[in-house]
Amino acid sequence: MRDRTSDQQRNGPADDRPHPRCPQAVQVTLGAPLYTIEGFTEVTDSLAAPAPTVGKSDVPTHWYNIVGDLEVAPPPHLHPGTREPLTADDLAPLFASGLIEQELSTETDIEIPEPVREVYAGYRTTPLFRARSFEKALGTPARIYVKYEGMSPVGSHKVNSAVAQAYYNSLDGVTKLTTETGAGQWGSALSFACAKFGIDLEVWQVRASYESKPYRRFLIETYGGTVHSSPSELTEAGRAVLAEQPDTPGSLGIAVSEAVEVAVKDPAARYTLGSVLNHVVLHQTVIGLEAVEQLRDAGEPQADVVFGCAGGGSNLAGLAFPFLREVLHDRAKTRVVAVEPAACPSITKGEYRYDHGDIAGLTPLLKMHTLGQDFIPDPIHAGGLRYHGMAPLLSHTVELGLVNAQAVAQTEAFAAAVLFARNEGIVPAPESSHAIAAAAKYARSLSEPEVIVIGLSGHGQLDLPAYHSYLSGELDQA
Ligand SMILES: Cc1ncc(COP(=O)(O)O)c(C=O)c1O
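Residues numbered from 1 in each chain as written. Predicted model: local features only at pLDDT ≥ 70, side-chain atom pairs only at ≥ 80, totals over all residues.

A. Geometry of the overall build of the protein. For the protein, the count of helices and strands is 18 helices and 16 strands. When the 478 residues of the protein are sorted by exposure, 57% land in the buried category. Considering only intrachain contacts with a sequence separation of at least 6, the fraction spanning at least 24 residues in the protein is 75%. (Helix = DSSP H or I, 4+ residues; strand = E, 2+ residues; numbered from the N terminus. Buried ≥ 20, exposed ≤ 12 C-beta atoms within 10 Å, placed from the backbone. Contact = placed C-beta atoms within 7 Å.)

B. Just the environment of Gly308, in detail. Structurally, Gly308 is set in strand S11 (residues 305–309). In this structure the C-alpha to C-alpha distance between Gly308 and Ala405, which are 97 residues apart in sequence, comes to 9.8 Å. What Gly308 contacts, discounting residues up to four positions off in sequence, is Asn315, Leu316, Leu319, Ala320, Ala338, Val339, Ala435 and Gly455.

C. How the structure looks around the sheet that holds strand S7 (residues 176–181). A sheet is described by the order of its strands in space; here 4 strands give the open sequence S9-S8-S7-S10, paired in parallel fashion. Of all the strands in the sheet, the pair left with one neighbour each is strand S9 (226–230) and strand S10 (269–271). Between one strand axis and the next, the sheet turns by 25 degrees as a mean value, whatever way the strands run. Inspection of the sheet shows S7 paired to S10 by 3 bridges, in the parallel sense. (Pairing = 2+ DSSP bridges. Axes fitted to C-alpha atoms, helices over the stretch in contact; angles between N-to-C directions.)

D. Structural context of unusual backbone geometry. A cis amide bond links Arg124 with the next residue in sequence, Thr125, at an omega value of 0 degrees. Among the structural elements, Thr125 can be located in the loop between helix H4 (114–121) and strand S5 (128–130). Cis geometry marks the peptide bond from Ser230 to Pro231, where omega comes out at 5 degrees. Positive phi, close to 70 degrees, is recorded for Val276, a residue that is not glycine. Structurally, Val276 can be placed in the loop between S10 and helix H12 (278–297). Assessed through the 27 C-beta atoms surrounding it within 10 Å, Val276 is described here as buried. A positive phi is found at Asp330, a non-glycine position, where the angle reads about 60 degrees. Looking at the secondary structure, you find Asp330 in the loop between helix H13 (314–328) and strand S12 (335–341).

E. Spatial organisation of the site of the ligand. The local shell around the ligand holds 20 residues, among which Gln185, Ser275, Gly311, Gly384 and Gly458 are the closest. Secondary-structure elements contributing two or more residues to the shell around the ligand are helix H7 (185–197), H13 and helix H17 (430–445). Residues belonging to the shell around the ligand are distributed by class as follows: 6 nonpolar, 13 polar and 1 charged. (Near = placed C-beta within 6 Å. Nonpolar A, V, L, I, M, F, W, Y, C, P; charged D, E, K, R; others polar.)

F. Examining the packing of helix H3 (residues 97–104) against H12 more closely. Viewed as axis vectors pointing N to C, H3 and H12 meet at an angle of 90 degrees, and their least axial separation amounts to 8 Å. Of the possible angle classes, the one that applies to H3 and H12 is roughly perpendicular. Seen from H3, the contacting residues are Leu99, Gln102 and Glu103; seen from H12, they are Asn278, His279 and Leu282. (Parallel < 35°, antiparallel > 145°, perpendicular 65-115°, else oblique.)

G. Local environment of the packing of H7 against helix H9 (residues 214–223). Between H7 and H9, the shortest axis-to-axis distance is 8 Å and the interhelical angle comes to 10 degrees. Relative to H9, H7 is oriented roughly parallel. On H9, the residues touching Gln185, Gly187, Ser188, Ser191, Phe192 and Ala195 of H7 are Arg216, Leu219, Ile220 and Tyr223. Considered class by class, the residues forming the contact of H7 with H9 number 5 nonpolar, 4 polar and 1 charged.

H. Spatial organisation of the sheet that holds strand S6 (residues 143–148). The 6 strands lie next to each other as S5-S6-S16-S11-S12-S15, forming an open sheet whose pairing is mixed. The sheet is open, and its two borders are formed by S5 and strand S15 (403–408), each paired with just one other strand. Strand-to-strand twist of the sheet, defined as the mean angle between neighbouring strand axes without regard to direction, takes the value 25 degrees. Where S11 lies against S12, 5 bridges are found, and the strand directions are parallel. If you follow Phe307 over to S12, its bridge partner there is Val337.

I. Just the environment of Thr411, in detail. With respect to the helices, strands and loops of the structure, Thr411 is situated in helix H16 (residues 410–424). C-alpha separation for the pair Thr411 and Ser433, spaced 22 residues apart in sequence, amounts to 10.0 Å.

J. Spatial organisation of the environment of Pro267. Position of Pro267 relative to the elements: it lies in the loop between helix H11 (252–265) and S10. Expressed as a C-alpha distance, the spacing of Pro267 and Lys176, which sit 91 residues apart in the sequence, is 9.5 Å.

K. Representation of H4 within the structure. Turning to H4, its buried residues are Pro115, Val116, Val119 and Tyr120. Across the axial projection of H4, the buried residues extend over an arc of 145 degrees, all falling on one side. (Arc of directions from axis to C-beta.)

L. Inspection of the pairing of S12 at higher detail. Counting buried residues along S12, 6 of its 7 residues qualify, which places the element largely inside the surrounding structure. Relative to S15, S12 runs parallel, the two sharing 6 bridges. Its bridge partner lying in S15, Val336 is registered against Val403.

M. Representation of H13 within the structure. Between the first and last C-alpha of H13 there are 20 Å, a value that for 15 residues agrees with the 21 Å anticipated at 1.5 Å per step. Phe321 marks where H13 bends most, by close to 35 degrees; the proline Pro322 follows one to four residues later. H13 sits mainly inside the fold: 12 of its 15 residues count as buried. Of all the positions in H13, only Ser314, Asn315, Leu316, Ala317, Gly318, Leu319, Ala320, Phe321, Pro322, Phe323, Leu324 and Arg325 are classed as buried. Once H13 finishes, Asp330 follows within two positions and takes phi at roughly 60 degrees, a positive value. (Expected span 1.5 Å × (residues − 1). Bend = angle between axes of the 7 residues up to and from the residue.)

These figures capture arrangement, not role.
Structure below.
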């Protein structure tokens, strides 16, 4: 078992709480990592049931920052008032100092602190498996590999950044965090991370998801976080939207404004964002760093195409950037496809320009593909993809020709997800289903073998009402 003494010294009573899963610890081997699950002698939980892991890699020691490898530097974030490039001081009221350093860093390899690696080791290395049955169902000559992040404690990739963000905030003595969440994956990931590092959490959840996905809210509350439906009467930003559009389904842009407003008014609090920013993308690169190694271990020197869904861009960039490192160093010719929903096509239909990350204009100006800060997407089930903008780093790689984009309708996404579930057993998150749909279409079009990697960013076991709607024929085309 891991020695938790150092954690206890750092975090005090928070670490004495029972593990979120169960009270007594034993060790089991789950795929590659030595995995500590409290109270279980074997893994029987179908939510966590691993597909066979191809290859093995340990938890990476460093995150990968693509900025250091790019010949053309990404445009800087700008101060919303002066429109001058942002400094660390400008960001201090919002973010922990360690995260600000990462946001502005041009270093290629950034060390992952040991307490963060310890939490990662609880669920990483995540599986990379060959989806042979899905390949057969598609009738494709492609070899399809799936990198599955649904193995994390809350069922998605979001934990990779939540743990890091909570850790750096705990180092600065922050006692309260605020954030937004769409479908609830980010909110639940951060709530788990805050429980680990003894921080209080307040979450603004987009109304459409707050109402349609109560189980994610219950999960946030189980870990100790407080959840508000957004827009709320608790903030100026929320009240302004409600005055104009009382029936709005909400949007991530509105929820960001509410969470930022509360954080900047409270000196003990800081804000955290679940995607978009450079430091979030950085944390997610553990996905791709593992996948590059795992693919090699499986006897595939490189991927031909990598598909991932893109809401704010963090899971796709996290998976793809380490593959692009191979491209930038002339070791591979991998192409990357960002798959977004037809209801919120930021890259395929948006403009590449400076815009705010939120509706009220409280965040820095970010150079990104955007549909406009006040764009409110239809309430599709992939709540995590309903964001008007895109990670500036991902947008920059699109502009450099390293990444392409496609938009997929939600019915097409669910059709592919159901086929995937019936063949591979895993029910994908509605967000991830977009990547599966685009990859499936591409795989079907091939007459020669290619190696395809799909980012399966989360499971959809708490999204089953959405599957039920699809199977009952009630879903909007959107
Ligand atoms: C499972 C899952 N995948 C993808 C996303 C989209 O976010 P990002 O593009 O930052 O990975 C979300 C967002 O909530 C999500 O929950």
